[in-house]
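Coordinates in review
Here are the chains, one letter per residue:
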Amino acid sequence: MKATEAATGLTPMAAFVRVKPLGVEPGGGTASSKRITGMDATAGTIEMEAGHGRSSTKSFDFAKEVFGPESTQQQVYDTIAAPLITQFVQGYDVDLISYGQTGAGKTFTMFGPPNSMAEAAAAQNKSGAGKGVSGDGILRLEHGFVLRSGLDCLAAMQELRARGCKVVLHGSMIEMSIMSFQEQNCMDLLKDYTVCFVDDEFHLQGTEHIELECAADVVQLAAAVETRLTRGTKMNDTSSRSHCVATLKLTVLEGGGAVRTSRLQFFDLMGSERFVGQNAAHDSAHSSTSTQGGWEGIFSNLSLMCLYSCIELAAKNRRKKNPKPDKSMIGMLLTKLLAGSLMGSALTGMITCISQSPRNGDETYSSLGYGTTMSKLLNRGKPQPAKPFEKLLGLAQKKHAEAAAVVARGVTGKYQAAREAQVKAYAHDVSVLEGLAEKN
């Protein structure tokens, strides 16, 4: 870290790379002239042959660590997610992002293999396990960040209660699609694809919240990912066709009567896709705009490009002597939900997932270039402020009453759904606070 960064309280985001094993993805295609020629796990470097007749080797060294194809879910979790979970419990907002080309292992890292969360839920229901906070009988080697994080949070909550705090943990999950700048949607995966919104504080409104009191509740939350839109492509039989965001919200009533709320957001981003050539994700004999899957890929690439531009702008803005929030960075739903990292006090972790398959050399090269830019983001991490309980409760009750009155009068068009989402969000806030006051 540069001395000037340390002096201003800035720290680099925690950036990592994970390499997918060979032989676990579709064959075919044409070998790229770009290929991985070496990796150093502890130094965090990946070397690639540049290709196109050039003999030079490009070294990517932005990562804190590189996880090779033999790495386990537990090892990756312990290094990347577990330290951020600790800070989340201490009151920090945290954004944890998985990025890479389609089929590179993003969803595997966040959740596990296809259907693994549904299988975990079915096994838990059959065995009756999960009534306590332990993951015994539930957690398997292939399970990813979301399930492991939820279980660790349950254990941390017991420690907070032992210190005299009253604490409650909630979970939600949405998928986010973009079919144009005017058609950006957040759909609730826990509540029949109900449309959700992002409020002025860049938090989701209108989502269903599951109170997470035991391991079975965490499994129920994680299993919601199985309802996410997927579609087979030439690169991935179960390609995710949207960005998925799972959120854990921790509310703590401290002994002195102050309340602190922190959020942990898992961003499982839809993969970047190629549309032409032998290595295209879709049938290149047809126009990419002739199929739903093609449009999904186009707008996934668009949203990832916008995020890339926002990261560059945010990195420059952070280095200014007296930086001011630049809301031009958050014009899309994805970047709005990442506002805490882009211009707030959230901590950020990112894992770039890459393939070592010969056909994917160009995509891997591009992903590492994207990761290099993403890693430039600087965090100004601060715990969320603790606020007086009575003041927070009174404000939540007031906002709920105002929003409910507007809905009762009636609102035209799309604004009706947005106002109804506000009512639901403020009702949830009131319920959480009143519930904390009643806890023993």
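What you see is a predicted model; the values in this text were computed from it and never measured. (Residues numbered from 1 in each chain as written. Predicted model: local features only at pLDDT ≥ 70, side-chain atom pairs only at ≥ 80, totals over all residues. Heavy atoms only, no water.)

Describing the overall build of the protein
Stated precisely, the cut-off is as follows: Numbered from the N terminus, helices here are DSSP runs of H or I no shorter than four residues, and strands are runs of E no shorter than two. Only protein chains enter the accessibility calculation, which uses a 1.4 Å probe; a residue is then buried when its area is under 20% of its type maximum, exposed when over 50%, and partly exposed in between. Pairs of residues are marked as contacts when any of their non-hydrogen atoms sit within 4.5 Å. For the area figures, the Shrake-Rupley method with a 1.4 Å probe applies, and any residue is considered shielded solely by the protein chains shown.
A tally of helices and strands in the protein yields twelve helices and 19 strands. Buried residues in the protein amount to 53% of all 440 residues. Partitioning the intrachain contacts of the protein with sequence separation of at least 6 by distance along the chain shows that 71% fall at a separation of at least 24. Entry remark: accessible area of the protein is about 19500 Å², with carbon and sulfur atoms responsible for 52%.

Focus: the pattern of salt bridges
Note the threshold: Any Lys or Arg side-chain nitrogen located within 4 Å of an Asp or Glu carboxyl oxygen qualifies as a salt bridge.
Taken as a whole and assessed by the stated rule, the structure comprises seven salt bridges. Across the pair Glu 49 and Arg 35 runs a salt bridge whose closest N-O atoms are separated by 3.3 Å. Here Glu 49, found in strand β4 (residues 45-51), pairs with Arg 35, found in strand β3 (residues 35-40); they are 14 residues apart in sequence, far enough to count as distant. A salt bridge links Glu 208 to Lys 424; the nearest nitrogen and oxygen atoms lie 3.0 Å apart. Separated by 216 residues along the polypeptide, Glu 208 in the loop between β11 (204-205) and β12 (210-211) and Lys 424 in helix α12 (residues 414-438) bring together distant segments of the chain. Under the relative-accessibility criterion, Lys 424 is labelled partly exposed at 30%.

Side note on the packing of aromatic side chains
Under the convention used in this document: Pairing of aromatic rings covers Phe, Tyr and Trp, the last counted by its six-membered ring, and requires centre-to-centre distances within 6.5 Å; plane angles under 30 degrees mean stacked, over 60 mean edge-to-face, and any other angle means tilted. Cation placement over rings: the criterion is NZ of Lys or CZ of Arg within 6 Å of the ring centroid and within 35° of the ring normal.
Counted by the stated rule, this structure contains five aromatic pairs. Summarising the aromatic geometry, the rings of Phe 16 and Phe 67 are spaced 6.1 Å apart at their centres and angled 40° between planes, so their arrangement reads as tilted. Highlighted residues: Phe 16 in strand β2 (residues 14-20) and Phe 67 in strand β6 (residues 65-67), separated in sequence by 51 residues. By the burial criterion, Phe 16 is buried, and Phe 67 matches it. Consider the rings of Tyr 99 and Tyr 370, whose centres lie 4.0 Å apart with planes at 15°: the pair is stacked. In this pair, Tyr 99 is assigned in strand β7 (residues 94-100) and Tyr 370 in helix α10 (residues 361-374), connecting sequence segments 271 residues apart. A relative accessible area of 7% means that Tyr 370 is categorised as buried. Taken together, the ring pairs connect Tyr 99, Tyr 308 and Tyr 370 into an aromatic cluster. Above the plane of the ring of Tyr 365 lies Lys 34, whose end atom (NZ or CZ) is 5.1 Å from the centre. If you follow Lys 58 out to its NZ or CZ, it ends over the ring of Phe 60, 5.5 Å from the centre.

Here we look at the pairing of strand β17 (residues 347-355)
Note the threshold: Note on pairing: two strands pair once DSSP finds at least 2 bridges between them.
Burial of β17 is extensive: nine of the nine residues sit out of reach of the surface. In this structure, β2 lies alongside β17, joined through seven bridges in parallel fashion. Within β17, the residue paired with Phe 16 across the bridge is Ile 351. Both β7 and β17 contribute to a ladder of seven bridges, which runs parallel. When the bridges of β17 are listed, Leu 96 appears paired with Gly 349.

What to know about the packing of helix α11 (residues 389-409) against α12
The cut-off we apply is this: Axis lines are fitted through C-alpha atoms, for helices just across the contact stretch, and the angle between N-to-C directions can take any value from 0 to 180 degrees. Orientation is classified from the angle alone, with under 35 degrees giving roughly parallel, over 145 giving roughly antiparallel, 65 to 115 giving roughly perpendicular, and any other angle giving oblique. Should the near helix be turned anticlockwise from the far one by less than a right angle, the crossing is left-handed, and should it be turned clockwise, the crossing is right-handed. Any residue that is not Ala, Val, Leu, Ile, Met, Phe, Trp, Tyr, Cys, Pro, Asp, Glu, Lys or Arg is counted as polar, Gly included; the first ten are nonpolar and the last four charged.
Look at α11 against α12: their axes get within 8 Å of each other, and the N-to-C directions meet at 150°. In terms of orientation, α11 and α12 fall into the roughly antiparallel class. Taken as a pair, α11 and α12 cross one another with a handedness that is left-handed. Residue-level contacts link Phe 389, Leu 392, Leu 393, Ala 396, Gln 397, Lys 399, His 400, Ala 403, Ala 404, Val 406 and Val 407 of α11 to Gln 416, Arg 419, Glu 420, Gln 422, Val 423, Tyr 426, Ala 427, Asp 429, Val 430, Leu 433, Glu 434 and Ala 437 of α12. Each residue belonging to the contact of α11 with α12 can be placed in one class, and the counts come to 14 nonpolar, four polar and five charged.

A word on α10
Inclusion rule: One less than the residue count of a helix, multiplied by 1.5 Å, gives the span that helix is expected to have.
Across its 14 residues, α10 extends 20 Å between first and last C-alpha, which sits within 8% of the 20 Å expected from 1.5 Å per residue. For α10, the tally of buried residues reaches ten of 14 residues, placing the bulk of the element in the interior. Of all the positions in α10, only Gly 361, Asp 362, Glu 363, Thr 364, Ser 367, Leu 368, Tyr 370, Gly 371, Thr 373 and Met 374 are classed as buried.

Looking at the pairing of strand β9 (residues 184-188)
Counting buried residues in β9 gives four out of five residues, a clear majority hidden from the surface. With two bridges joining them, β9 and strand β10 (residues 195-198) adopt antiparallel strand pairing. Among the inter-strand pairings, Cys 186 is bridged to a residue of β10, identified as Cys 196. Where β9 folds back onto β10 in an antiparallel hairpin, the turn is made up of six residues, including Asp 192, whose phi is positive at roughly 55°.

Things to note about the side chain of Arg 148
The condition that has to hold: Counting rule for charge: Lys and Arg are taken as positive, Asp and Glu as negative, and neither His nor the chain ends is counted. Throughout this description, a polar contact denotes any pair of N or O atoms lying within 3.5 Å of each other; where both atoms belong to protein, one of them has to be capable of donating a hydrogen while the other can accept it, and for residues adjacent in sequence the pair is counted only when both atoms sit in side chains.
In this fold, Arg 148 is placed in helix α5 (residues 145-162). Despite being buried, Arg 148 has no salt bridge partner; Asp 78 is the closest side chain of opposite charge, sitting 6.4 Å away. Of note is the side chain of Arg 148, whose polar atom sits 2.5 Å from the side chain of Gln 74. Not counting chain neighbours up to four residues away, the residues in contact with Arg 148 comprise Gln 73, Gln 74, Tyr 77, Leu 139, Arg 140, Leu 141 and His 143.

Considerations on the environment of Ser 172
Of note, Ser 172 is situated in strand β8 (residues 166-178). Overall, the relative accessible area of 5% leaves Ser 172 in the buried class. The spatial distance from the C-alpha of Ser 172 to the C-alpha of Lys 191 is 9.8 Å, given a sequence separation of 19 residues. Not counting residues within four places of it along the chain, the set of residues in contact with Ser 172 comprises Leu 190, Thr 207, Glu 208, His 209, Leu 221, Val 245, Ala 246 and Thr 247.

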